[in-house]
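Okay, here's what each chain looks like letter by letter:
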Amino acid sequence: MRCKNCKEVFEPKWFNWKFCDKDLCHNLGVKELVKKEREKKAKQERKETKKAKEALLTHRDYLKLFQTVFNTYIRERDKDLPCISCGKNNEKQFHAGHYRSVGSCPELRFNELNVWRQCATCNTYLHGNLIEYRKELINRIGVDKVEWLEGYQPSNKMLIPEIKEKIKEYKAKINSLK
Ligand SMILES: [Zn+2]
Ligand SMILES: [Zn+2]
C-alpha cells in the first residue's frame, strides 16, 4: 500500500487506512477521517429532516405533488402538439388541461387520455374551452375513448404509498422523454 500523502510504501495497520506512520501523514489521515465522519453525520441529518418533513405531508399534499409531476409529464409528452382546444401554438403559457375536471371527475385526475397540453387562455379564461376540446380529442384518441371518458368511472383512490410510487414512475417517464 502506498501512503496517500507521501506515496511511500507502508504496511497499513487498519483496513482502509491510507496513510503511513510519519506524523504529517498520520495527522492528515486523522483529519480526513474526522471530515468524513462529519459529512456522514450531516448527510444523516439531512435524511432525517427530509423524513420529518415528509411525515408532515398529508394525503392531499401528496396528490398535489403528484399533480405537479403528472402535469409536467403531459406538457412534455405533448410539447409538439398545439393547444387541444384552440389549435394555437404561439401562446406564452401552456397548462395541462383536463377534459373532465378534477372537481367533476376526480377518478380521471391522473388519466393520460383525459389530460392534454392546453393554452392558459383556454384552460383558465375559457374554462377549458370544452366544445373545441372534445372535437380535437376525438381526432386524437377516437370517439370510443372519448365516450368512455364521459361515462361512469369507478372510484380509484390511492393511498400515500401508491401516490409516492406514481410520483417516482412519472418522474422516470419525464426523464425518458427528455
Ligand atoms: Zn506518508
Ligand atoms: Zn387554447
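As shown above, the structure is provided for reference.
**Student:** For this particular structure, what's the right way to read the overall build of the chain?
**Tutor:** Counting secondary structure elements, the chain contains six helices and two strands. The N-to-C order of helical and strand elements in the chain reads α-α-β-β-α-α-α-α. Its C-alpha atoms give the chain a radius of gyration of 27 Å, clearly above 16 Å, the size a compact globule of 178 residues would have. Along the first, second and third principal axes, the C-alpha set of the chain runs to 80 × 35 × 30 Å. Counting all 178 residues of the chain, 30% fall into the buried class.

**Student:** Explanation requested: the coordination of the zinc ion (ligand 2) in the structure shown.
**Tutor:** Working reference: metal with six octahedral donors, ideal angles 90 or 180 degrees; metal with four tetrahedral donors, ideal angle 109.5 degrees. Those protein atoms acting as donors to the zinc ion (ligand 2) are Cys83 (SG), Cys86 (SG), Cys119 (SG) and Cys122 (SG), and they sit at 2.3 to 2.4 Å. In this structure, the zinc ion (ligand 2) is coordinated by four donor atoms arranged in tetrahedral fashion, with angles at the metal of 104 to 115°. Counting along the primary sequence, the residues that act as donors to the zinc ion (ligand 2) give the motif C-x2-C-x32-C-x2-C. With Cys83 in the loop between helix H2 (59-77) and strand E1 (94-98) and Cys122 in helix H3 (residues 120-125), this pair connects stretches of sequence that are 39 residues apart. Accessibility assignment for this pair places Cys83 and Cys122 in one class, buried.

**Student:** Can you walk me through the coordination of the zinc ion (ligand 1) in this structure?
**Tutor:** Those donors, Cys3 (SG), Cys6 (SG), Cys20 (SG) and Cys25 (SG), are the protein atoms that reach the zinc ion (ligand 1), and they lie 2.3 to 2.4 Å from it. Angles of 104 to 116° at the metal separate the four donor atoms of the zinc ion (ligand 1), which places the site in the tetrahedral class. Look at where the donors of the zinc ion (ligand 1) fall in the sequence and you get C-x2-C-x13-C-x4-C. Note on Cys6: relative accessible area 27%, which makes it partly exposed.

**Student:** Help me understand the pairing of strand E2 (residues 115-119) in this model?
**Tutor:** Within a regular strand, side chains alternate between the sheet's two faces. Counting buried residues along E2, five of its five residues qualify, which places the element largely inside the surrounding structure. In this structure, E1 lies alongside E2, joined through five bridges in antiparallel fashion. For His98, the partnering residue across the bridge sits in E2 and is Val115.

**Student:** When you look at the layout of surface pockets in this model, what are you seeing that I'm missing?
**Tutor:** Where empty space is left in the structure can be found by rolling a water-sized probe over the atoms. Here the largest pocket defines a volume of roughly 360 Å³. Around the largest pocket, the lining comprises 15 residues; the ones closest to its centre are Pro106, Glu107, Phe110, Asn156 and Lys157. Secondary-structure elements contributing two or more residues to the lining of the largest pocket are H2 and helix H6 (160-177). Ranked by the residues each element gives to the lining of the largest pocket, the list is headed by H2, at three residues.

**Student:** Which parts of the structure should I look at to understand the packing of H2 against H6?
**Tutor:** Packed helices, taken two at a time, are described by their axes: the angle between them and the distance between them. Taken N-terminus to C-terminus, the directions of H2 and H6 make an angle of 20°; their axes are 9 Å apart at the nearest point. Taken as axis vectors, H2 and H6 run roughly parallel relative to one another. The chirality of how H2 crosses H6 is left-handed. Here His59, Tyr62, Leu63, Leu65, Phe66, Val69, Phe70, Thr72, Tyr73, Glu76 and Arg77 of H2 lie close against H6, whose contacting residues are Ile160, Ile163, Lys164, Lys166, Ile167, Tyr170, Lys171, Lys173, Ile174 and Leu177. Class assignment of the residues belonging to the contact of H2 with H6 gives a composition of 13 nonpolar, two polar and six charged.

**Student:** Explanation requested: the environment of Ile131 in the structure shown.
**Tutor:** Along the chain, Ile131 turns up in helix H4 (residues 130-141). The exposure class assigned to Ile131 is exposed, which follows from its relative accessible area of 65%. Spatially, the C-alpha atom of Ile131 lies 7.9 Å from that of Ser85, the residues being 46 residues apart in sequence.

Reading the values: rules and limits
- Residues numbered from 1 in each chain as written.
- Chains lettered and ligands numbered in written order.
- Predicted model: local features only at pLDDT ≥ 70, side-chain atom pairs only at ≥ 80, totals over all residues.
- Heavy atoms only, no water.
- Helix = DSSP H or I, 4+ residues; strand = E, 2+ residues; numbered from the N terminus.
- Rg over C-alpha atoms; globule rule 2.2 N^0.38 Å.
- Buried < 20%, exposed > 50% of the residue type's maximum accessible area, 1.4 Å probe, protein only.
- Donors = N, O, S within 2.8 Å, 3.2 Å for Na, K, Ca; no water.
- Tetrahedral: all angles 85-135°; square planar, octahedral: opposite > 155°, others 65-115°.
- Pairing = 2+ DSSP bridges.
- 1 Å grid on protein atoms, 1.4 Å probe; cavity = no way out; pocket = protein on both sides within 12 Å on 5 of 7 lines; lining within 4 Å.
- Points joined across faces, edges and corners; volume = space filled by probe spheres on them.
- Axes fitted to C-alpha atoms, helices over the stretch in contact; angles between N-to-C directions.
- Parallel < 35°, antiparallel > 145°, perpendicular 65-115°, else oblique.
- Left-handed = near helix turned anticlockwise from the far one by under 90°.
- Contact = heavy atoms within 4.5 Å.
- Nonpolar A, V, L, I, M, F, W, Y, C, P; charged D, E, K, R; others polar.

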